[in-house]
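Residue-level structure breakdown
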Amino acid sequence: AVLGPVDRTQTLPLSFAQERLWFLDRLGGGAAYNMPAALHLTGNLDAQALQAAIDAIVLRHEILRTRFVDSGGVPVQIVSPSLRIEMQQIDIFAQDESGRVAQACAVAEREAQVPFVLAEGPLLRVKLLHLAPREHVLVLVLHHILADGWSIAIMTRELMMLYTEFAAGRVPRLVPLPLQYGDFACWQRSADAERTLAPNRAYWASQLAGAVPTLHLPVDHPRSAEPGLKGGAIRFTFDAALTTAVKAFARKTQVTLHATLLTAF
């Protein structure tokens, strides 16, 4: 099947990445896969134009109007034809600059820790924090099932462009999107895509054959039946030669540096 627009009267499946996140949400839930972003805005701000930009971005990107429900044990995407994400405005009243920044960070962190309900939505929250008449912080929090780091960059870039147009009293003119994420999810589940992926799956099945299904490490504390988020970090530095070699290998194999290091790990 060629990647193209899909009839929206049919049920939309989840992509593989979305299904993983849906499963993890069912397994443990919580806010582990919340994706927060904060934009520091300076100068005169037109809150009405900013709300209009948010409305436009949600209308433009179908995924921002999507929730994920259990249909007989199988997750499916449900896209709302329209959805308004109300931008809540909060005034920060601290007297000095350091106090305002600390208070704004605390508000943003609390917002980032509030879980989403995938089956209900919306899976995007927006807050505008007013630190001073000409200083503001826009806090965006969305679930990872909607977006990744690249998506956040696209979203914020388009949001600022839309805001600029609305604030100037102009009607924004963005090129219509030929595809939405749901179209990609349908293509990824198609027979043609399956034939493409089959050799990759066979390769990893061979590589992992005989691997221990569960790794039991000796620990000095009881292990919970449910995975937790508390852990530690070990930091180390690659030397310049190894770093250059790893990056070259990633380019040669046409994968990201992250994927290369994760595979090695």
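These remarks concern the structure in this document.

About the thresholds
In this numbering scheme, every chain counts its residues from 1 along its sequence in written order. In keeping with the model being predicted, local features are shown solely for residues with a pLDDT of at least 70 and side-chain atom pairs are shown and tallied solely at 80 or more, while totals for entire chains, interfaces and linings include all residues. As a convention, hydrogens and water are excluded, and side-chain values are obtained from all of the structure's heavy atoms. Numbering of helices and strands starts at the N terminus; helices are DSSP runs of H or I of at least 4 residues and strands are runs of E of at least 2. Burial status follows relative accessibility: with a 1.4 Å probe on protein chains alone, a residue under 20% of its type maximum counts as buried, one over 50% as exposed, and anything between as partly exposed. Two residues form a contact once any of their heavy atoms are found within 4.5 Å. In these tables, accessible area is a Shrake-Rupley quantity obtained with a 1.4 Å probe, and a residue counts as shielded only by the protein chains included in the view. Under the convention used here, Asp and Glu are negative, Lys and Arg are positive, and both His and the chain ends fall outside the count. Here the site of a charge means atom NZ of a Lys, CZ of an Arg, CG of an Asp or CD of a Glu. Strand pairing is defined by DSSP finding a minimum of two bridges between the two strands. The axes used here are C-alpha line fits, helices contributing only the stretch in contact, and every angle between their N-to-C directions lies in the interval 0 to 180 degrees. Should an angle fall under 35 degrees it is taken as roughly parallel, and over 145 as roughly antiparallel, whereas 65 to 115 is taken as roughly perpendicular and any remaining angle as oblique. The handedness criterion is simple: a crossing whose near helix is rotated anticlockwise from the far helix by less than a right angle is left-handed, and one whose near helix is rotated clockwise is right-handed. Any residue outside Ala, Val, Leu, Ile, Met, Phe, Trp, Tyr, Cys, Pro, Asp, Glu, Lys and Arg is labelled polar, Gly included; the first ten of those are nonpolar and the last four are charged. A carboxyl oxygen of Asp or Glu within 4 Å of a side-chain nitrogen of Lys or Arg is what we treat as a salt bridge.

1. Quick look at the overall build of the protein
Assigned secondary structure in the protein consists of eight helices and seven strands. When its C-alpha atoms are laid out on the principal axes, the protein stretches across 65 × 50 × 45 Å. Per-residue burial over the protein gives 33% buried out of 265 residues. Across the protein, the fraction of contacts at a sequence separation of at least 24, relative to all contacts at a separation of at least 6, is 70%. Total accessible area computed for the protein in this model is approximately 17,500 Å², and 60% of it derives from carbon and sulfur atoms. One way to put it: in the protein the 24 positive side-chain charges average out to a point 5 Å from where the 24 negative ones average out.

2. Things to note about the sheet that holds strand 2 (residues 34-42)
Read from one edge to the other, the open sheet built from four strands follows the order 2-7-6-5, with strand pairing classed as mixed. In this open sheet, the two strands that pair with only one neighbour each are strand 2 and strand 5 (88-91). Strand-to-strand twist of the sheet, defined as the mean angle between neighbouring strand axes without regard to direction, takes the value 20°. The pairing of strand 6 (residues 124-132) with strand 7 (residues 135-143) spans eight bridges and is antiparallel. Bridge assignment links Leu 129 to a residue of strand 7, and that residue is Val 137. In the packing of helix 2 (residues 47-60) onto the sheet, contacts are made with strand 5, strand 6 and strand 7, and the angle to strand 6 comes to roughly 160°. The strands touched by helix 4 (residues 149-167) within the sheet are strand 2, strand 6 and strand 7, with strand 2 carrying the most contacts at an inclination of about 30°.

3. Some points on the packing of helix 2 against helix 4
Each packed pair of helices is defined by two parameters, the angle between the axes and the distance between the axes. At a minimum axis distance of 8 Å, the contact between helix 2 and helix 4 shows a crossing angle of 130°. Overall, the two elements helix 2 and helix 4 adopt an arrangement that is oblique. Between helix 2 and helix 4 lies a crossing whose hand is right-handed. Contacts between helix 2 and helix 4 involve Ala 49, Leu 50, Ala 52, Ala 53, Ile 54, Ala 56, Ile 57 and Arg 60 on the former and, on the latter, Met 155, Glu 158, Leu 159, Leu 162, Tyr 163, Phe 166 and Ala 167. Among the residues forming the contact of helix 2 with helix 4, the class breakdown is 13 nonpolar, no polar and two charged.

4. Brief notes about the pattern of salt bridges
Within the structure shown, the criterion is met by twelve salt bridges. A salt bridge links Arg 195 to Asp 192; the nearest nitrogen and oxygen atoms lie 2.0 Å apart. With Arg 195 and Asp 192 both in helix 6 (residues 191-207), this residue pair falls three residues apart, about one helical turn. Overlapping salt bridges bring together Arg 8, Glu 62 and Asp 183 as one network.

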